[in-house]
Amino acid sequence: MLPRNIRTGGYNLPGVESDNVPLIGFRPLSPDRGTISGHSGRRAADAEVQSSQPTVVEEEEDGVIYTVTVKQHHGGPNSPMSTVSKSQCVKAGTEEKLVLHLLHSFCMGDSSFITIFLSTYRSFTTTGRVLDILSDRLENPPGDSERSQIRQSFNKAVCTVFSTWLSEYPEDFKSLGDPSRLLRLAPLLPHDSSSAADLRARFLRIAEELSEKALLPDTHKDQTSFTSPPPDASKFEPTSILGFSGALIAEQLTMIETELFVRLVPYHCLGSLWSQRDKKGREGVCWSVRATVRQFNKLANAVLASCLWPTKLRSQQRARLLEKWISVAEACRARKNFSSLYAIVSALKSNPIHRLRKTWQDTDREALRKYEELSEIFSDKDNYSQTRELLKEEGTSKFANLENRLNNRYLNKSNAQGTVPYLGIFLTDLTMLDTAVKDRLDNGYINFDKRRREFEVLAQIRLLQSSCKNCVFTADEAFVQWYNSVPTLREEESYRLSNEIEAPGDPSPRGHAPAVVITQCPDLSTSRTSLAGDSDSFFDFHSPVNNLLSKLTKHMRSPSVSCLDVDTSPPTNESNPATLTPTTPTKSHRRSASCGNNPPGNIQGSGADMRIIRIRMDLEDGNLYRSILVTSNDKTPTVISSALEKHNQDPKQASRYELIQLLPEGKELVIPATGNVFYAMTSSSVDFLLRRKDGNSPFGSHPISTETSATFPRIKAKGRRLVRNLF
């Protein structure tokens, strides 16, 4: 390798003294020409310290790549001496070296490494593997021949790592199953401090619990089975909701949502974990996110059932039910309960309610105006910019930024209000990061810069959680009883009831068109470069990650809702192609993925043209869309196989299906059986249909049953990103 001064143009970089560490590259940052000024009370001469242009270098040493920032400060008139500051953080490394860096990060000035590692390590390794590596290192601690200061620093680092780990993520140790690792670790902890003795005792207690748990029959209910009691449909009175005030209902919903949000484990939202939730053997992962999903669906179902179940009501009476739920949504907004607010708005926008023309015509105009305003909060324009701005303004504030009359109407001013966000926004950001940024560098090193970006989003969740921990609520047994008595409506039941209320065929009264689920995005290489920026402000909602998201959506044609769920549309027995077109009224909350470049939906870069398309199966009980990535190399059988797998069908049956592109005006384009889908499709639509060649539905008369019903958004890789097989 060339000497450092030759590789850098004949000059030695300031602050980098060693010639034994290979220099991978360096880049200058934008000049910082500002003057560092002190407080107004200081003399100006004391503040005249000029900083030279900082330099960023990447150094590789013993299996780790460091990003080193070197900055030379030139003294002012009263301080002619210049100083050099140097900071470094891990960019990438091998699994073993990243784990061992936990013990070295403090002395190297990388103070945030432990927090970031413990929040995100499940994306690239396991708890058992981390404990094994650390135990191997503890078996060979600094010897007596080494300086006492080194031994003390090492012992302090060991205690800091494990005490932080135990206090923040005790479930990691309790879920090990086998106590052998803890029994091995405990004696290896330092013996010269009280903190180490306390850690040793705690590890031994957990190991004892694991041993006892292994001997007992598995009859306990763990957190993965956290569900509400089954509803008692016989006790359900739909119109009883009118007997509760909007403020009381909102308070009870906020109580439920707050409890779930405080219990949320932030790392369960990581894209690498959440996107694997439907795979066999992964049913128990992300239990805290699943609980939030179930509550979202339960509330949306309650709105649907209360409005549709009493089919004999006159339109004026049913309009009172809509007005009640709009008032509840307004009260949820005052309580900064964005999760329940979005669930209610989503249900009111769903097709079974959306199509009730006469009911909407009889709804109070002021209520409709409020409904429009509340719906606008979750506009997907510019990547949910309005929702993000509200989180930034009100995330840690005591009360919502509303008119005093609204706060006085819905809130008890003696109690501070936490903020319960719509979790889908964070799931979208994290899944986007997971799919857009490589897990490993070309040399096989784990990309830890990616974990830093992910941690920025997790830190926002934890900040909002802290605002909810001191909230106090009182349960209202009457409402809880009503809420738990709401029967679960299947999709086909919702449409049947809606059609009984108003016969099909009437035009939709509302002006909201279904959300388009394809967006545009720039070259991925540019996006990856942007992700390498500075990350000092972890808790700022305009952090580098969100700045990136804003840039990504700057040129979006029609952004879509981040979804954790599936689409639905009214069931029909007609075979007219017009009923299958993208213009068929559908719910705006879709499980989708958005990426692309011109033409809409295309992604440039990564060696091939790509496009995100949405495929549903030809069912009679509504649309069930899945988004997949199509490259310029994909033939029809490959795309059909991928779509079948997404729909939990046998991909080996691909030969029994044909792929059809749904075009505007009810037209269809049959993709050739052996054709190239990317070049055969037109740019006018991203909606496709899988139809059996024999005309039979693969499900018979039974619809697909999924844990998340058709109302809670199922996560999508939103933004201009290369999307892998997420679902």
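Only a predicted model underlies this, so the values are computations on that prediction, with no experimental measurement involved.

## Some thoughts on the overall build of the protein
If you tally the helices and strands in the protein, you get 26 helices and 12 strands. Counting the 727 residues in the protein, one finds 52% classified as buried. Residue pairs at least 24 apart in sequence account for 74% of intrachain contacts in the protein once pairs closer than 6 positions are excluded. Summed over its atoms, the accessible surface of the protein is roughly 32200 Å², and 49% of this surface lies on carbon and sulfur atoms.

## Here's the deal with empty space enclosed by the protein
In this approach, a probe sized like a water molecule rolls over the atoms, and the result shows the empty space that is left. Enumeration according to the criterion identifies 5 cavities of 30 Å³ or more in this entry. Considered as a void within the structure, the largest cavity measures approximately 50 Å³ in volume. If you trace the largest cavity, you find it lined by E257, L260, F261, T292, V420, P421 and L423. The element best represented in the lining of the largest cavity is helix α9 (residues 246-263), accounting for 3 residues. Residues belonging to the lining of the largest cavity are distributed by class as follows: 5 nonpolar, 1 polar and 1 charged.

## Here's the deal with helix α12 (residues 315-334)
Over its 20 residues, α12 extends 29 Å from the first C-alpha to the last, a length consistent with the 28 Å expected when each residue adds 1.5 Å. Counting buried positions over the 20 residues of α12 gives 17, a clear majority of the element. The positive-phi residue at the C-terminal boundary of α12 is K336, with phi of around 60 degrees.

## Observations concerning the side chain of T254
Among the secondary structure elements, T254 is positioned in helix α9. Polar contacts involving the side chain of T254 include one to the main-chain carbonyl oxygen of A250, which spans 2.6 Å. Apart from the residues lying within four places of it in its own chain, the contact partners of T254 are R335, N337 and F473.

## Overview of the packing of aromatic side chains
Counted by the stated rule, this structure contains 22 aromatic pairs. Summarising the aromatic geometry, the rings of F117 and Y121 are spaced 5.6 Å apart at their centres and angled 10 degrees between planes, so their arrangement reads as stacked. With relative accessibility at 0%, the residue F117 sits in the buried group. Residue classification places Y121 among the buried residues on the basis of a relative accessible area of 0%. By way of ring pairs, the aromatic residues F113, F117, Y121, F124, F162, W165, F173, F203 and F448 are connected into one cluster. One cation-aromatic arrangement involves R277 over W274; the distance from NZ or CZ to the ring centre is 4.0 Å.

## Comments concerning the side chain of T127
With respect to the secondary-structure elements, T127 resides in helix α4 (residues 127-138). What T127 contacts, discounting residues up to four positions off in sequence, is Y121, W165, D172 and L176.

## Section: the packing of helix α11 (residues 287-308) against helix α21 (residues 477-484)
One way to put it is that α11 packs onto α21 with a least axis distance of 10 Å and a crossing angle of 85 degrees. Put simply, α11 runs roughly perpendicular to α21. For the pair formed by α11 and α21, the contact residues are Q295, K298, L299, A302 and S306 on the first element and W482, Y483 and N484 on the second. In the contact of α11 with α21, the residues fall into 4 nonpolar, 3 polar and 1 charged.

## Comments concerning the confidence of the model for the protein
For the protein, the mean per-residue pLDDT works out to 74, and 66% of the residues sit at or above 70. In this model residues 31-49 is a low-confidence stretch, pLDDT under 50, and it forms 20 contacts with partners more than four residues away in sequence or in other chains. This stretch, residues 697-727, has a pLDDT under 50; its non-local contacts, to residues over four places away or in other chains, come to 163 contacts.

## A closer look at the pattern of salt bridges
For the structure shown, the criterion picks out 25 salt bridges. A salt bridge links E394 to R333, with the shortest nitrogen-to-oxygen separation between them at 2.8 Å. Taken together, the residues span a long stretch of sequence, with E394 in helix α17 (residues 385-394) and R333 in helix α12 at a distance of 61 residues. On the basis of relative accessibility, which here comes to 7%, the residue R333 falls in the buried class. A salt bridge links R496 to E500; the shortest N-O distance between them is 2.9 Å. Here E500 and R496 lie together in helix α22 (residues 491-501), a separation of 4 residues that amounts to about one turn. Each of D434, D439, K450, R451 and E454 takes part in a single network of salt bridges with overlapping partners.

## Section: the nonpolar core
Among the nonpolar cores identified, the biggest contains 124 residues, and F117, F162, W165, W325 and I344 are the most heavily contacted of them. With 12 residues, α11 is the single largest residue contributor to this core. Once you skip the residues sitting within four places of it in the chain, F162 turns out to touch L131, L134, L138, L185, L189, L199 and F203.

Here is what the cut-offs are and how they apply
Residues numbered from 1 in each chain as written. Predicted model: local features only at pLDDT ≥ 70, side-chain atom pairs only at ≥ 80, totals over all residues. Heavy atoms only, no water. Helix = DSSP H or I, 4+ residues; strand = E, 2+ residues; numbered from the N terminus. Buried < 20%, exposed > 50% of the residue type's maximum accessible area, 1.4 Å probe, protein only. Contact = heavy atoms within 4.5 Å. Areas by Shrake-Rupley, 256 points an atom, 1.4 Å probe, with all protein chains shown as cover. 1 Å grid on protein atoms, 1.4 Å probe; cavity = no way out; pocket = protein on both sides within 12 Å on 5 of 7 lines; lining within 4 Å. Points joined across faces, edges and corners; volume = space filled by probe spheres on them. Nonpolar A, V, L, I, M, F, W, Y, C, P; charged D, E, K, R; others polar. Expected span 1.5 Å × (residues − 1). Polar contact = N/O pair within 3.5 Å; in protein donor to acceptor, adjacent residues only side chain to side chain. Phe/Tyr/Trp six-rings, centres within 6.5 Å; stacked < 30°, edge-to-face > 60°. Lys NZ or Arg CZ within 6 Å of the ring centre and 35° of its normal. Axes fitted to C-alpha atoms, helices over the stretch in contact; angles between N-to-C directions. Parallel < 35°, antiparallel > 145°, perpendicular 65-115°, else oblique. pLDDT = per-residue confidence, 0-100. Salt bridge = Lys/Arg side-chain N within 4 Å of Asp/Glu carboxyl O. Core = buried A, V, L, I, M, F, W, Y, C linked by side-chain atoms within 4.5 Å.

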